[in-house]
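Fold and contact review
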Amino acid sequence: MNATLAAVVLSLFSAVAYAAAAVAQERLASRTTDSGMLRLLGSGAWWWTVVLNASAALLHVAALKYGTLTLVQPLGALTLVAAVPLGARVAGRRVSAVEWRGTALTLIGLSALLVTASGPAPDDVLSVPQALGVAATTAALIGILSRPGARPGLRHATASGFASGVASALTQTVTVAVTDRSGPLLSAQVIVVALLVAAFAAGGLLLSQTAYRGGLGAPLAVVTLANPVAAGAIGLFLLGEQLQGGPAGLLLAAMGAGVAAWGVVTLSRSVPELPEPLGGATDEHPVAAVLALEPGSAAYEPSLLPKQSDSGQLTPL
């Protein structure tokens, strides 16, 4: 199996895991208020979404070992493609014609990108000053996007996409530096960049959780598009990655990116409301139970405060 094929296969499995985690996050987010993060941290179902995200991240790291940022990051759009049959399966319905059209457009656009972005396994890494510069710039952008204002969901989604894209670019530096065996395993470069990866990965996860409070479609589309933009810029301008085919390849890549973006937006706008789930979900796997929830369908449980009954005994409200 050559490097490009390995990167594509690993990215596909990663996208499926990310899709399941994203849908689960949205279901949980719809049950919380703005101050509900501590409630999520105490939820077993939310920690299952963390496990899914972690599994997807490990597959993504492996893909970055074999493929360049300009190849692997656009394949993140497969997350939304994978969410279509997953959502249909959970809802007990068929995939709609609009969803098939969005899926087809996304896959066609990604196919064009694969032709131009395929190439040898990456061998260049970011230096510590470059990594710190990228981190500082990204942190400033996230700070601006996270300020109070209109459309907080889309702004948080954009910030999440940038954070995740930068985390992927930094992850590739760690992966290549550790596996090339040309220097010490825990060099200063590896340690510093690994800490930055942890910070941006966690920030991207929390920002996406906030963005999904207003629904999954548009925020997930923004995350899906912002992620490869950030990572691709780093790959092209700092890591010396190039698109194949010269000017014609660049034109094909631009057209492919446009078609894929059109497909992503189509998919994000076509997700229907899920029907009310049938009973018995409590016996299912925790993530499956969360995926079966309709957004906004769950009410908060009342506090167990004592009250005096007619018989003189204390009973819960």
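Heads up: these notes are all about the structure in this document. (Residues numbered from 1 in each chain as written. Predicted model: local features only at pLDDT ≥ 70, side-chain atom pairs only at ≥ 80, totals over all residues. Heavy atoms only, no water.)

Examining the overall build of the protein chain
Check the secondary structure of the protein chain and you find 12 helices and two strands. Beginning at the N terminus, the succession of helices and strands in the protein chain can be written as α-α-α-α-α-α-α-α-α-α-α-α-β-β. In the protein chain, which comprises 317 residues, the share counted as buried stands at 44%. Of the contacts formed within the protein chain by residues at least 6 apart in sequence, a portion of 80% connects residues at least 24 apart. By element, 68% of the accessible surface of the protein chain is carried by carbon and sulfur atoms, the whole surface being about 15,900 Å². (Helix = DSSP H or I, 4+ residues; strand = E, 2+ residues; numbered from the N terminus. Buried < 20%, exposed > 50% of the residue type's maximum accessible area, 1.4 Å probe, protein only. Contact = heavy atoms within 4.5 Å. Areas by Shrake-Rupley, 256 points an atom, 1.4 Å probe, with all protein chains shown as cover.)

Looking at helix α6 (residues 97–117)
The end-to-end C-alpha separation of α6 is 30 Å, in line with the 30 Å expected for 21 residues at 1.5 Å each. Among the residues making up α6, those that are buried are Glu99, Gly102, Thr103, Leu105, Thr106, Gly109, Leu110, Ala112, Leu113, Thr116 and Ala117. (Expected span 1.5 Å × (residues − 1).)

Description of the environment of leucine 239
Here leucine 239 is to be found in the loop between α10 (217–237) and α11 (246–270). The spacing of leucine 239 and aspartate 124 is 115 residues in sequence and 6.0 Å in space, taken between C-alpha atoms.

Comments concerning the packing of helix α7 (residues 128–145) against helix α9 (residues 188–211)
For the pair α7 and α9, the least separation of the axes is 10 Å and the interaxial angle reads 20 degrees. Taken together, α7 and α9 sit at an angle that is classed as roughly parallel. Crossing angle aside, the handedness with which α7 passes α9 is left-handed. Between α7, through Val128, Ala131, Leu132, Ala135, Thr138, Ala139 and Ile142, and α9, the contact on the second element is made entirely by Gln189, Val192, Val193, Leu196, Phe200 and Leu207. A per-class count over the contact of α7 with α9 returns 11 nonpolar, two polar and no charged. (Axes fitted to C-alpha atoms, helices over the stretch in contact; angles between N-to-C directions. Parallel < 35°, antiparallel > 145°, perpendicular 65-115°, else oblique. Left-handed = near helix turned anticlockwise from the far one by under 90°. Nonpolar A, V, L, I, M, F, W, Y, C, P; charged D, E, K, R; others polar.)

A short note on the layout of surface pockets
In this structure, the largest pocket occupies an estimated 880 Å³ of space. Forming the walls of the largest pocket are 38 residues, and the residues nearest its centre are Tyr18, Asn53, Ala57, Ser164 and Asn227. Mapped onto the lining of the largest pocket, the elements with two or more residues apiece are α1 (3–29), α3 (44–66), α8 (152–179), α9 and α10. The class makeup of the residues in the lining of the largest pocket is 22 nonpolar, 16 polar and no charged. (1 Å grid on protein atoms, 1.4 Å probe; cavity = no way out; pocket = protein on both sides within 12 Å on 5 of 7 lines; lining within 4 Å. Points joined across faces, edges and corners; volume = space filled by probe spheres on them.)

A short note on the packing of α8 against α10
Interhelical geometry of α8 versus α10 gives an angle of 35 degrees and a closest axis separation of 7 Å. The two elements α8 and α10 meet at a crossing, and its hand is right-handed. Note on element contacts: α10 touches α8 through Ala218, Pro219, Val222, Val223, Ala226, Asn227, Ala230, Ala231 and Ile234, opposite Leu154, Ala157, Thr158, Ser160, Gly161, Phe162, Ser164, Gly165, Val166 and Ala169. For the contact of α8 with α10, the class distribution of residues is 13 nonpolar, six polar and no charged.

Points about a nonpolar patch on the surface
A cluster of nonpolar residues, Leu186, Ile191 and Leu195, forms a patch on the protein surface that exposes about 330 Å² of accessible area. Mapped onto the secondary structure, leucine 195 falls in helix α9. Taking relative accessible area as the criterion, leucine 195 reaches 58% and is therefore assigned exposed. (Patch = residues over 30% accessible without salt bridge, like charges linked within 9 Å, V, L, I, M, F, W, Y side chains within 5 Å. Salt bridge = Lys/Arg side-chain N within 4 Å of Asp/Glu carboxyl O.)

Quick look at the side chain of threonine 79
Its place among the elements puts threonine 79 in helix α5 (residues 78–91). When residues no more than four places from it in sequence are discounted, the contact partners of threonine 79 are Ala15, Tyr18 and Ala19.

Some points on α7
The end-to-end C-alpha distance of α7, which contains 18 residues, comes to 26 Å, matching closely the 26 Å that a straight helix rising 1.5 Å per residue would cover. Three or more residues of α7 are buried, namely Ala131, Val134, Ala135, Thr138, Ile142 and Leu145. Relative to the axis of α7, the buried residues are bounded by an arc of 100 degrees and lie together on one face. Relative to its buried face, α7 has exposed residues pointing more than 90 degrees away, namely Pro129 and Ile144. (Arc of directions from axis to C-beta.)

Digging into the side chain of threonine 103
By the element assignment, threonine 103 lies in helix α6. With residues near it in sequence (within four places) discarded, threonine 103 still touches Val81, Val84 and Leu267.

Some remarks on the nonpolar core
What tends to happen in soluble globular proteins is that the nonpolar side chains get buried as a cluster. Leu69, Ile142, Val166, Leu170, Val193, Phe200 and Ile234 are the most contacted members of the largest nonpolar core, which has 31 residues in total. Elements with a contribution of two residues or more to this core: α1, α3, α4 (69–72), α7, α8, α9 and α10. Among the elements that make up this core, the one with the highest residue count is α8 (eight residues). Apart from residues no more than four positions distant in its own chain, isoleucine 142 is found in contact with Ala159, Ala163, Phe200 and Leu207. Core analysis: the next-biggest nonpolar cluster, separate from the first, contains 16 residues, Leu75, Leu80, Leu110 and Leu113 among them. (Core = buried A, V, L, I, M, F, W, Y, C linked by side-chain atoms within 4.5 Å.)

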